[in-house]
Amino acid sequence: MRVGVLISGTGSNLQALIDDDAIDVACVVSDRAQAGGLERASRAGIESLVTADEAETAAFLDRHEVGLVVLAGYMRILSAEFVRRFSGRIMNVHPSLLPAFPGAHAVADAVEHGVRVTGVTVHLVDDGHVAADSGPIVLQEAMAVSYDDRAENVTERLHEIEHRLLPRAVRLFSAGGIEVVGRRVRVRDEHLA
Ligand code: GAR
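Residues numbered from 1 in each chain as written. Predicted model: local features only at pLDDT ≥ 70, side-chain atom pairs only at ≥ 80, totals over all residues. Heavy atoms only, no water.

Draft legend 1. Layout of the pairing of strand 6 (residues 117–124). Taking burial as the measure, the eight residues of strand 6 include seven buried ones, the bulk of the element. The sheet contact formed by strand 5 (residues 90–94) and strand 6 spans four bridges and is antiparallel. Counted as the bridge partner of Val93 is Val122 from strand 6. Here strand 6 runs beside strand 7 (residues 137–144); their pairing, made up of seven bridges, is antiparallel. Counted as the bridge partner of Thr121 is Gln140 from strand 7. (Buried < 20%, exposed > 50% of the residue type's maximum accessible area, 1.4 Å probe, protein only. Helix = DSSP H or I, 4+ residues; strand = E, 2+ residues; numbered from the N terminus. Pairing = 2+ DSSP bridges.)

Structure (structure tokens):
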């Protein structure tokens, strides 16, 4: 399955997808010209586009015939129209245990809140994505937080989890291993680790 990846920043999650031999990253869209992930795409010979325009983004993804759109640190909230166009085929990675701490500052918000457990969520994006980071949860992994932790080192540890969890969720989706039942996601038995 061909995968289109939307980024806004460093693109370490994009890199994890590129590095997975079982995943075919067909194209990359960034809403920021300075995004470090663009360099990663070009090094891997993957065509990329810089635009913040949804219609251009959708046309580019269609041209590359992607079966799945992955938001890998894409910090723009998509319109309900865009989400409906790729209905059930958009996946997002988020650095908290959703529905706790949605939004752009999840790690700092969780650490400031004093949580003892946080983690990573990979979810499908529904057209209620007008509220950031919403939709059926595919995979989650929890991690302990101690009193001495700071947002920086928590981010580092969460990244390690993301780089494992996101490719795994993409592989599951591509293999048809995921079934959405209302708000809940069933991972078909044969695909359970
Ligand atoms: C990741 O931690 C991702 O979970 C987060 O942005 C970071 C991007 O890092 N996404 C969100 O906060 C979405 N609300 P990267 O550019 O190195 O992949």
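What follows picks up the thread again.
Draft legend 2. The arrangement of the packing of helix 5 (residues 106–113) against helix 6 (residues 151–174) in detail. Across the interface, helix 5 lies against helix 6 with an axial gap of 9 Å and an inter-helix angle of 120°. Between helix 5 and helix 6, the angle falls in the class oblique. With respect to the hand of their crossing, helix 5 and helix 6 are arranged in right-handed fashion. Contacts from Val107, Ala108 and Val111 of helix 5 reach helix 6 at Ala151, Val154, Thr155 and Leu158. (Axes fitted to C-alpha atoms, helices over the stretch in contact; angles between N-to-C directions. Parallel < 35°, antiparallel > 145°, perpendicular 65-115°, else oblique. Left-handed = near helix turned anticlockwise from the far one by under 90°. Contact = heavy atoms within 4.5 Å.)

Draft legend 3. Structural detail: the environment of Ala100. Considering the arrangement of structural elements, one finds Ala100 in the loop between strand 5 and helix 5. Taking the C-alpha atoms as reference points, Ala100 and Ala110, separated by 10 residues in sequence, lie 8.2 Å from one another.

Draft legend 4. Spatial organisation of the pattern of salt bridges. Summed over all chains, the structure comprises 10 salt bridges. Between Asp24 and Arg2 there is a salt bridge, with the nearest N and O atoms lying 4.0 Å from each other. Residue Asp24 is found in strand 2 (residues 24–30), and its partner Arg2 is found in strand 1 (residues 2–7); the two are separated by 22 residues along the sequence. Overall, Asp24 belongs to the partly exposed group, its relative accessible area being 37%. Across the pair Glu39 and Arg43 runs a salt bridge, and its minimum N-O distance is 3.8 Å. Within this pair, Glu39 and its partner Arg43 are both found in helix 2 (residues 37–43), separated by four residues, close to a single helical turn. (Salt bridge = Lys/Arg side-chain N within 4 Å of Asp/Glu carboxyl O.)

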